Amino acid sequence: MWLTNSSVGRKVVMSVTGLFLVLFVTFHALMNAVAIISFEAYDAICEFLGANWYAVLGTLVLAGGFAIHIIYAFWLTLQNRKARGNNRYAVTTKPKDVEWASQNMLVLGIIVCCFLILHLVQFWAKMQLPELMGEHIMRGQDYLQATFSQWWVLPVYLIGFAALWFHISHGFWSAFQTLGTANDKWIPRWQCISKWWASIVFILFAVEAIYFTLHFTGVINC
Amino acid sequence: MHDIPTDTSFLEMMDILNEMLIEKGEEPVTFDHDCREGICGMCSLYVNGHPHGPATGATTCQLYMRRFKDGDTITVEPWRSAAFPVIKDLMVNRNAFDQIQQAGGYVSFQTGGAQDANAIPISKEAADEAMDSATCIGCGACVAACKNGSAMLFLSAKVSQFALLPQGKAEAKRRVKAMLAKMDELGFGNCTNTGACAAECPKNIKLSNIARLNREFLCAKCSD
């Protein structure tokens, strides 16, 4: 099976799952933005994405995408470390054209993963999971309040969003390069689109987290 | 080292060093070299954290001592990659590249008699790109620079120089699959598109070659 046996095949799997996850976080950021406009509308979306069969199916596909992306990331890293050998250079330098994120994707991914686990514990484990087990749950905005009324949540979330920005800013264009859709003209274009896409996702998430914190701690009343 | 003229090449400095060591009755430093014109790809020194040293678009033999300041400490290391085992001192075994070439980096069909000139038109863009790819000297700087020990830039240059021209297209699918399989078998790493290979390449082989290699491989697999 070339998707597991060849280095390009393994990278294709990383690219396709990565692009799928980028689409997911983009929709997630857009969905959260609804809460800034109307908490009632946000509650309706949470109810729509509750224990319904399509939401459960979507969650399973999403979890599968995450799992494959993470497993392949560790697999590729182990192979790369083996290929690098045991001897390290005494002096190393980073060429100016090389992005910092590109050389630290695993570390950034681990930070995003830790953030994801925290986020799942704070929301999914209290919303969709108990609903699937037949328990009564509160409105979506009640969970937002329970989470963002704590001051430590905002800085932790911003760190997670920053790691996500770096991860997407390299991963997005790298995926298109791996899928063979780049050339001399399109490499800088994909790099530019990557930075913009990552920045839009970051700004959306950051503005939402800041707004929820200010709203639920009573600093603002809108 | 003392009194090295600024117009001395790096390899000449290594020669002077070795002469001094031999005069003192010590073992000279082993290093690879051949043409000393930036063509053969034999010189393979990792100088102050850069494959081929701090000069861009140049091999170690094209590096001159005027690039360094008087009194500088210069750290010289061999390529470090599991696929390039160190033979001695600064000399590494790059036979893995030969094996990748032997797996498909050639045109094997009978071409017959010579065609009339311009019988098969080739765009200047394709000809230029094929020529640029063919300038890869197989020195291994891309592997040395890559944190993953990947040989994708080398492989992509070798695949591209054929894939862009009519005489190479006939075997393009077989070639890309065979050469990639050999590269994987030899234990090179997976490309993560950091771009360090292209940034350090003495022949300025471009990163877009890797996208072309991926494209060629995916098309070959889809048509299986």
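Residues numbered from 1 in each chain as written. Chains lettered and ligands numbered in written order. Predicted model: local features only at pLDDT ≥ 70, side-chain atom pairs only at ≥ 80, totals over all residues.

**Regarding the overall build of chain A**
Along the backbone of chain A there are 9 helices and 0 strands. Reading the helices (α) and strands (β) of chain A from amino to carboxyl end gives α-α-α-α-α-α-α-α-α. Look at the contacts in chain A between residues 6 or more apart in sequence, and 80% of them connect residues 24 or more apart. (Helix = DSSP H or I, 4+ residues; strand = E, 2+ residues; numbered from the N terminus. Contact = placed C-beta atoms within 7 Å.)

**Thoughts on the overall build of chain B**
Scanning chain B for helices and strands turns up 9 helices and 5 strands. With respect to the principal axes defined by its C-alpha atoms, chain B has extents near 60 × 40 × 30 Å. Taking all 224 residues of chain B together, the buried fraction comes to 46%. Taking the contacts inside chain B whose residues are at least 6 apart along the sequence as the reference set, 70% of them involve residues at least 24 apart. (Buried ≥ 20, exposed ≤ 12 C-beta atoms within 10 Å, placed from the backbone.)

**Overview of the domain arrangement of chain B**
All names here are of chain B. Taken as a whole, chain B is organised into domain 1 (10-78) and domain 2 (95-222). Computed over C-alpha atoms only, the centres of domain 1 and domain 2 are separated by 28 Å. Taken together, the contacts link 12 residues of domain 1 with 10 residues of domain 2. Considered class by class, the residues forming the side of domain 1 that touches domain 2 number 5 nonpolar, 7 polar and no charged. (Domains from an automatic or database assignment. Nonpolar A, V, L, I, M, F, W, Y, C, P; charged D, E, K, R; others polar.)

**What about the sheet that holds strand 1 (residues 45-47) of chain B?**
Residues and elements named next belong to chain B. Overall, antiparallel pairing links the 3 strands, which are arranged 2-1-3 in an open sheet. Edge positions in the sheet fall to strand 2 (50-51) and strand 3 (76-78), since each of these pairs with one other strand and no more. Relative to strand 3, strand 1 runs antiparallel, the two sharing 3 bridges. The partner of Val-47 across the bridge, within strand 3, is Val-76. (Pairing = 2+ DSSP bridges.)

**Overview of helix 7 (residues 140-148) of chain A**
Residues Gly-140, Leu-144, Thr-147 and Phe-148 of chain A constitute the buried set of helix 7 of chain A. Along the axis of helix 7 of chain A, the buried residues cluster in a sector spanning 80°; they form a single face. (Arc of directions from axis to C-beta.)

**Thoughts on the interface of chain A and chain B**
Contacts between chain A and chain B engage 35 residues on the former and 38 residues on the latter. Listed by contribution, the elements that provide at least two residues to the side of chain A that touches chain B are helix 2 (7-37), helix 4 (53-84) and helix 8 (153-178) of chain A. It is helix 4 of chain A that provides the largest number of residues to the side of chain A that touches chain B, a total of 6 residues. Of the residues contributing to the side of chain A that touches chain B, the split by class is 13 nonpolar, 15 polar and 7 charged.

**Topic: the nonpolar core**
In terms of nonpolar packing, the biggest core is built from 94 residues, with Cys-142, Val-143, Ala-151, Leu-153 and Leu-155 of chain B touching the most fellow members. Of all the elements, helix 8 of chain A adds the most residues to this core, at 11 residues. Structurally, this core is a two-domain feature, drawing no fewer than three residues from each of domain 1 (10-78) and domain 2 (95-222) of chain B. Residues within four places of Cys-142 of chain B in sequence aside, it is in contact with Ala-151, Leu-153, Phe-154, Cys-197 and Cys-201 of chain B. (Core = buried A, V, L, I, M, F, W, Y, C linked by C-beta atoms within 7 Å.)

**Comments concerning the packing of helix 2 of chain A against helix 3 (residues 39-48) of chain A**
Residues and elements named next belong to chain A. Look at helix 2 against helix 3: their axes get within 6 Å of each other, and the N-to-C directions meet at 145°. Contact residues: helix 2 offers Met-31, Val-34, Ala-35 and Ile-37, while helix 3 offers Phe-39, Ala-41, Tyr-42 and Ile-45. Grouping the constituent residues of the contact of helix 2 with helix 3 by class yields 8 nonpolar, no polar and no charged. (Axes fitted to C-alpha atoms, helices over the stretch in contact; angles between N-to-C directions.)

**Considering unusual backbone geometry**
All names here are of chain B. Its identity is not glycine, yet Asn-48 carries a phi of approximately 50°, on the positive side. Of note, Asn-48 is situated in the loop between strand 1 and strand 2. Since 18 C-beta atoms lie within 10 Å of it, Asn-48 is described here as partly exposed. Even without a glycine there, the phi angle at Asn-193 is positive, about 55°. Using a count of 27 C-beta atoms within 10 Å as the deciding quantity, one classes Asn-193 as buried.

**Brief notes about the environment of Ser-149 of chain A**
Residues and elements named next belong to chain A. If you trace the backbone, Ser-149 turns up in the loop between helix 7 and helix 8. In this structure, the C-alpha to C-alpha distance between Ser-149 and Gly-171, residues 22 residues apart in sequence, is 33 Å. Aside from chain neighbours lying at most four places away, what touches Ser-149 is Phe-216 and Thr-217.

**Focus on the environment of Trp-100 of chain A**
Looking at the secondary structure, you find Trp-100 of chain A in the loop between helix 4 and helix 5 (105-124). Between the C-alpha atom of Trp-100 of chain A and that of His-170 of chain A, which follows or precedes it by 70 residues, the distance is 9.1 Å.

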